Amino acid sequence: MMDVTLLDGGMGQELVHRAGDRPTPLWSTQVMVDHPGLVGRVHADFFDAGATVATTNTYAIHRDRLEGTGMEGRFAELHAAAISEATTARTAHCTGRIAGSVGPLGASYRPDLHPASDVAVPLFTEVVQQLQDSCDMIILETVASVAHARDALAAARTTDLPVWLSLTVSDTDGTCLRSGEPLQEAAEVAASADAVLINCSAPEAVTLGLGIVQEFGKPFGGYANAFEQITDDFLKSKPTVDALRMRRDMGPRAYAGYVMEWVGKGATIVGGCCEVSPGHIAEISRRLTAAGHNIV
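This one's a predicted model, so the numbers in the text were calculated from it and none came from an experiment. (Residues numbered from 1 in each chain as written. Predicted model: local features only at pLDDT ≥ 70, side-chain atom pairs only at ≥ 80, totals over all residues. Heavy atoms only, no water.)

Draft legend 1. Local environment of the overall build of the chain. A count of helices and strands for the chain gives eleven helices and nine strands. For the chain, whose C-alpha radius of gyration is 17 Å, the value lies close to the compact-globule estimate of 19 Å for 296 residues. With the principal axes as the frame, the chain shows a C-alpha extent of 50 × 40 × 40 Å. When burial is assessed residue by residue, the chain has 56% of its 296 residues classed as buried. Taking as baseline every contact in the chain between residues at least 6 positions apart, the subset at least 24 positions apart corresponds to 75%. When the accessible surface of the chain is split by element, carbon and sulfur atoms take 50% of a total near 11400 Å². (Helix = DSSP H or I, 4+ residues; strand = E, 2+ residues; numbered from the N terminus. Rg over C-alpha atoms; globule rule 2.2 N^0.38 Å. Buried < 20%, exposed > 50% of the residue type's maximum accessible area, 1.4 Å probe, protein only. Contact = heavy atoms within 4.5 Å. Areas by Shrake-Rupley, 256 points an atom, 1.4 Å probe, with all protein chains shown as cover.)

Given below as structure tokens:
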């Protein structure tokens, strides 16, 4: 039996579903502005479902993503709002940790948009500096290339916080990053992380990728999405999430089955990404407890 950290699920999709608004390229950031308090309620629901970590709603708060949206001058304000929503929920729950989320520059699943290191590292550093005083760890999410991993880790290591590196792999070949690079090529860079995860990929791909990541010699785990597939429309400039459809075969019981398989392979950090709801997390919590694992 193991100690297992149970992450939360997909904040962005949960917000869009609850708000009922038409998605914008700013996704969960826009919902946070338009519906104050809704992010905190989602955090609270994930805690109530059994999650022990609240991931801040900061994934898309990058200066390049704010350009042309009318929110260019609200970078620090938006980070503060997201952190406040998470800390308020954690305080109400009386326990739990907060992971400061750092998403990709440019767009998700677009390693071709990742800028040169002399541009990327300062941009990532500015984000982690917003997070460092209020979070228990930094989680670098949906890292699609070795260059992205290197630059994001360099920035995160300017703090004293633990850093979790979360890679995203091809939905059709979990042995490769979305850049096309073999997942194994991330091992050297990942050596400076405190844990290595795989996120925002199909559960089947995560299962395959974890077979490689577990050899990196770090605590490892995964949190998959429940999309049918990443569409071509979503890979265009300033995409919106309505270009993606939820898998109908990935309800709580089915998804928890994948998670328990990962735990059986030694994964100690698990949870969910896009379209993984509090109901999914509750089922994972139930299954982990029934199997005798200690959720920490």
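Draft legend 2. Representation of the side chain of Ser170 within the structure. Mapped onto the secondary structure, Ser170 falls in the loop between β5 (163-167) and α8 (187-190). We classify Ser170 as buried; its relative accessible area is 17%. Among all residues touching Ser170, those that are not within four sequence positions of it are Cys176, Leu177, Arg178 and Ala205.

Draft legend 3. Looking closely at the sheet that holds strand β9 (residues 294-295). If you walk across this open sheet you meet the nine strands as β2-β3-β4-β5-β6-β7-β8-β1-β9, and the pairing is parallel. Two strands bound the open sheet, and with one partner strand each, they are β2 (53-55) and β9. The pairing of strand β3 (residues 97-102) with strand β4 (residues 137-143) spans four bridges and is parallel. Looking across to β4, one finds that Ser101 is bridged to Ile139. (Pairing = 2+ DSSP bridges.)

Draft legend 4. Spatial organisation of the nonpolar core. Counting residues in hydrophobic clusters, the biggest one holds 92 residues, and the most contacted among them are Leu140, Leu165, Leu167, Tyr255 and Trp262. Apart from the residues lying within four places of it in its own chain, the contact partners of Tyr255 are Pro203, Tyr223, Ala224, Met250, Trp262, Gly271, Gly272, Val276, His280 and Ile284. (Core = buried A, V, L, I, M, F, W, Y, C linked by side-chain atoms within 4.5 Å.)

Draft legend 5. Quick look at the packing of helix α6 (residues 117-131) against helix α7 (residues 146-156). One can describe the packing of α6 onto α7 by two numbers: an axis separation of 8 Å at closest approach and a directional angle of 45°. Between α6 and α7, the interaxial angle falls into the category oblique. When the axes of α6 and α7 are compared, the crossing they make is right-handed. Along its contact with α6, which presents Ser117, Ala120, Val121, Phe124, Thr125 and Val128, the element α7 presents His148, Arg150, Asp151, Ala152, Ala154, Ala155 and Ala156. Broken down by class, the residue content of the contact of α6 with α7 amounts to eight nonpolar, three polar and two charged. (Axes fitted to C-alpha atoms, helices over the stretch in contact; angles between N-to-C directions. Parallel < 35°, antiparallel > 145°, perpendicular 65-115°, else oblique. Left-handed = near helix turned anticlockwise from the far one by under 90°. Nonpolar A, V, L, I, M, F, W, Y, C, P; charged D, E, K, R; others polar.)

Draft legend 6. Main features of unusual backbone geometry. You will see that Tyr109, though not glycine, has its phi angle at about 65°, which is positive. Take Tyr109: its relative accessible area is 7%, and that puts it in the buried class. Phi at Cys200 takes a positive value of approximately 50°, unusual for a residue other than glycine. Classification of Cys200 by relative accessible area gives buried; the value is 2%.

Draft legend 7. Up close: the pairing of strand β8 (residues 269-272). Alternating positions in β8 separate into two faces, Ile269 and Gly271 on one and Val270 and Gly272 on the other, with burial throughout. In this structure, strand β1 (residues 3-6) lies alongside β8, joined through two bridges in parallel fashion. In the sheet register, Leu6 faces β8, and the bridge partner there is Val270. Bridge count between strand β7 (residues 220-224) and β8: four bridges; the pairing is parallel. By the bridge assignment, Tyr223 is partnered in β8 with Gly271.

Draft legend 8. Region of the structure containing the packing of aromatic side chains. With the rule as written, the count across this model stands at one aromatic pair. Residues Tyr255 and Trp262 carry aromatic rings whose centres are separated by 6.1 Å and whose planes lie at 90° to one another, so their mutual orientation is edge-to-face. Each of the two residues, Tyr255 as well as Trp262, counts as buried. If you follow Arg63 out to its NZ or CZ, it ends over the ring of Phe75, 4.2 Å from the centre. (Phe/Tyr/Trp six-rings, centres within 6.5 Å; stacked < 30°, edge-to-face > 60°. Lys NZ or Arg CZ within 6 Å of the ring centre and 35° of its normal.)

Draft legend 9. Structural detail: the environment of Gly222. As for its position among the elements, Gly222 is in strand β7. The spatial distance from the C-alpha of Gly222 to the C-alpha of Ser179 is 19 Å, given a sequence separation of 43 residues. Filtering out sequence-adjacent residues up to four positions away, Gly222 remains in contact with Leu197, Ile198, Val206, Leu210, Trp262, Ile269, Val270 and Gly271.

Draft legend 10. Inspection of the environment of Lys218 at higher detail. Residue placement: Lys218 occurs in the loop between α9 (203-213) and β7. Residues within four places of Lys218 in sequence aside, it is in contact with Ala190, Ala191, Ala193, Asp194, Ala195 and Val196.

Draft legend 11. Expanded view of helix α11 (residues 278-290). Taking 1.5 Å as the rise per residue, α11 with 13 residues should run 18 Å; its terminal C-alpha atoms sit 18 Å apart, in good agreement. Along α11, the residues that are buried comprise Pro278, His280, Ile281, Glu283, Ile284, Ser285 and Leu288. Those residues of α11 hidden inside the fold are in contact with β1, α1 (11-19), α3 (38-49), α10 (252-264), β8 and β9. Note on α11: the residue one or two positions beyond its end, Gly292, has a positive phi of about 90°. (Expected span 1.5 Å × (residues − 1).)

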